[in-house]
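Chain and residue survey
Single-letter residue listing:
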Amino acid sequence: MFTTDRYHPGLRPFPGQATSKPSGNANKTPPVADPTFQPLLGAALYLVQNLAPPLLRELDAKRRYVAHRAALPAARMDLDELEAVIRRHVEDQRPFDRNVNWAKPRKWISKDDPLGQVNLYALAAEAGRREISPPTLLSVRDVLEEAVEAVGIEEPFCRGASMVERADGQGEAPWSGPLSERGLRALTGVVKTASHVVIVALSGMRQSELREMNVGCRVPPIEAGPGLKRYKLASRVIKGKPLGGVPDEWVVIWEAYQAAEVAEQLLGPEAEIGDPLLTSPLDSDRFTLFRQWVNGTAGQALGLAPIPEGQLTTRMLRRTLALEIAYRPGGLLAAKVQLKHLSVVTTEGYAARPGGAQAKFLAEVNAEEAERNKDLVLAEYRRYQQGEMPSGPGARDLISFFASVDGKLARAAAEDPTVVGSDQEVRALLAEVAGVLHLGVANYCWFIDPSKALCLKLAGTPNATKPLAGMCDSARCPQATHHPCHRPVWAESVRTKQVFIGSIGRNHKTEKARLQADLDRDVQVLASIDAAA
């Protein structure tokens, strides 16, 4: 099992200390506290699922508008057409676009001018021209000033935003208010951050692995069963790998897969397969801007829960996911695989306790096994009382123990005639052997004295604390017993060997003799089970 993933010979980790000592120290990176993690991930998921679709439509409309303006002729403006455009604004009660780039010098119009805040380029585009010349503006100034006073000026993007369900479930709200070009870029950056937060929080990727994601990283879903799909994201593992890293895939849930799709779409149609998915690292500045947006007017208008102040890093998100996975049955190994750790000891450090959920789960299993063993011993004791005896090399010792239990119950009854040997009292007396009972496929192993265990003698490990079930020969081991529940196994073994021996040719005498000896042993064990019962 461990031919390709194991430590090199001679490795002595932690200078000879037990692994529980070094791995017991929790990872120094703190997890994100629940009061912070829940609103953070909730806001990120809300933006990816509810704001990304209308934002992508707005960005697409902007690209089409920019392309349309670039294709307009630079010919002289038609005054009648320009005045018609201005009148339509008044008739439709549609505000004029606010100037988005005052930094561009204009010698012929001042910033304090009533028309200084009007985007004249947008007005010219409505009239089918690239720009408005100073003489043309002078000709329509009076009409334009009256129109501006009547309908006002507004940011050019996200006007008349569609309604979306609020995050807190308190009705609906516009997905955005009117935005300037700078505001639209800022909102795009916030949604990008949201998509990256979802990917990290739900996949456990390191910062280096997130930076290695490219357009096209979404592996086609795999049908894992009826109505079930498995989603994967492709990237590269950098830490602990040769220069450049190695390709790898992360199994994720649908939300992380969807976030990767949104991150690709936000790069625009010019993005090609293989282009980096992240144009900037997911650092503290981006977390800060994301928190400010969520806690600001826009986020609160959408009903998002405020994100408390405090440090946020991708390492903290990774640690949080590690704890969520590791504190489940079987979760320690699952966390090792998901987080691409080189050793499970590293994962134990992430889980803040040696063994993590594995140790807790193993303790629960051991407790259940102990109760099951008590029930089995009690059942065999009741059969003994009814005259059904065990068989096998260890039967005499087991019968002697049951007899001693009878003696203890008889003495207790003689001392106090009102005492009745209940199952609970009997279970307490049988607990001594129940604790050393190990179940084999065809026998019970009463591992009372390791020095007598045949399997340990054959393996050369007399000091082992558990039997080696794979090397058990219950027909010869002095601590093994056979019971009626084991009869079907031995009967099937006899039948199979009889058929196999009958199919062996005359020339294979040695093999036939060996199998015949095994068959004779099985027949003898089967006969002893029947005789004892």
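Located above this text is the structure these notes cover.
Residues numbered from 1 in each chain as written. Predicted model: local features only at pLDDT ≥ 70, side-chain atom pairs only at ≥ 80, totals over all residues. Heavy atoms only, no water.

**Side note on the overall build of the protein chain**
Helix and strand counts for the protein chain stand at 19 helices and 10 strands. Scored against the burial criterion, the 533 residues of the protein chain give a buried share of 38%. A fraction of 66% describes how many contacts in the protein chain between residues 6 or more apart in sequence connect residues 24 or more apart. Summed over all atoms, the accessible surface of the protein chain reaches about 29500 Å², with 55% contributed by carbon and sulfur. (Helix = DSSP H or I, 4+ residues; strand = E, 2+ residues; numbered from the N terminus. Buried < 20%, exposed > 50% of the residue type's maximum accessible area, 1.4 Å probe, protein only. Contact = heavy atoms within 4.5 Å. Areas by Shrake-Rupley, 256 points an atom, 1.4 Å probe, with all protein chains shown as cover.)

**Notes on the sheet that holds strand β9 (residues 444–446)**
Within the open sheet, the 3 strands sit side by side as β8-β9-β10. Their pairing is antiparallel. Edge positions in the sheet fall to β8 (437–439) and β10 (480–481), since each has one partner strand and no second. Relative to β9, β8 is paired through 3 bridges, and the arrangement is antiparallel. In the sheet register, His438 faces β9, and the bridge partner there is Cys445. (Pairing = 2+ DSSP bridges.)

**Here we look at helix α16 (residues 423–434)**
Think of an α-helix as turning once every 3.6 residues; residues three or four places apart then point the same way. Here α16 is 12 residues long, yet its end C-alpha atoms lie only 14 Å apart, well below the 16 Å a rise of 1.5 Å per residue gives. Of all the positions in α16, only Val426, Arg427, Leu430, Val433 and Ala434 are classed as buried. Looking straight down α16, one finds that the buried residues subtend no more than 100° of arc, so they occupy a single side. Turned more than 90 degrees away from the buried face of α16, the exposed residues are Gln424, Ala428 and Glu432. (Expected span 1.5 Å × (residues − 1). Arc of directions from axis to C-beta.)

**Notes on the packing of helix α2 (residues 34–70) against helix α9 (residues 284–295)**
The relative placement of two packed helices is expressed as an angle between their axes plus a distance between the axes. In contact at an axis separation of 11 Å, α2 and α9 are set at 75° when each is read in the N-to-C sense. In terms of orientation, α2 lies roughly perpendicular with respect to α9. Contacts between α2 and α9 pair Leu40, Ala43, Ala44, Leu47 and Leu51 from the former with Phe290, Trp293 and Val294 from the latter. (Axes fitted to C-alpha atoms, helices over the stretch in contact; angles between N-to-C directions. Parallel < 35°, antiparallel > 145°, perpendicular 65-115°, else oblique.)

**Describing the packing of helix α6 (residues 181–203) against helix α11 (residues 314–326)**
The contact between α6 and α11 brings their axes to 7 Å, and the two run at 40°. Classified by the angle between their axes, α6 and α11 sit oblique to one another. Contact residues: α6 offers Val197, Val200, Ala201, Leu202 and Ser203, while α11 offers Thr314, Leu317 and Leu321.

**Digging into the side chain of Thr314**
Structurally, Thr314 is set in helix α11. We classify Thr314 as buried; its relative accessible area is 6%. Not counting chain neighbours up to four residues away, the residues in contact with Thr314 comprise Val200, Gln207, Leu282 and Phe287.

**Focus on the packing of aromatic side chains**
Counted according to the given criterion, the structure contains 8 aromatic pairs. Ring centres of Trp254 and Tyr257 lie 6.2 Å apart, and the angle between their planes is 35°; on these two criteria the pair is classed as tilted. Of this pair, Trp254 and Tyr257 both sit in helix α8 (residues 254–266), separated by 3 residues, roughly a single helical turn. Judged by relative accessible area, which is 38%, Trp254 ranks as partly exposed. The class of Tyr257 is buried, set by a relative accessible area of 6%. Both rings, one in Tyr444 and one in Trp446, keep their centres 6.2 Å apart while their planes meet at 90°; by these two values the pair is edge-to-face. The pair formed by Tyr444 and Trp446 is uniform in burial state, with each residue classed as buried. Of the aromatic side chains, those joined through ring pairs into one cluster are Tyr381, Tyr384, Phe401 and Phe402. Directly above the ring of Trp250 sits Lys340, whose terminal nitrogen or CZ lies 4.9 Å from the centroid. (Phe/Tyr/Trp six-rings, centres within 6.5 Å; stacked < 30°, edge-to-face > 60°. Lys NZ or Arg CZ within 6 Å of the ring centre and 35° of its normal.)

**Observations regarding the environment of Asp530**
One can find Asp530 in helix α19 (residues 509–532). Residue classification places Asp530 among the partly exposed residues on the basis of a relative accessible area of 38%. Counting along the chain gives 139 residues from Asp530 to Ser391, while the straight-line C-alpha distance between them is 8.9 Å. Here Arg487 takes part through its side chain, which lies 2.6 Å from a polar atom of the side chain of Asp530. (Polar contact = N/O pair within 3.5 Å; in protein donor to acceptor, adjacent residues only side chain to side chain.)

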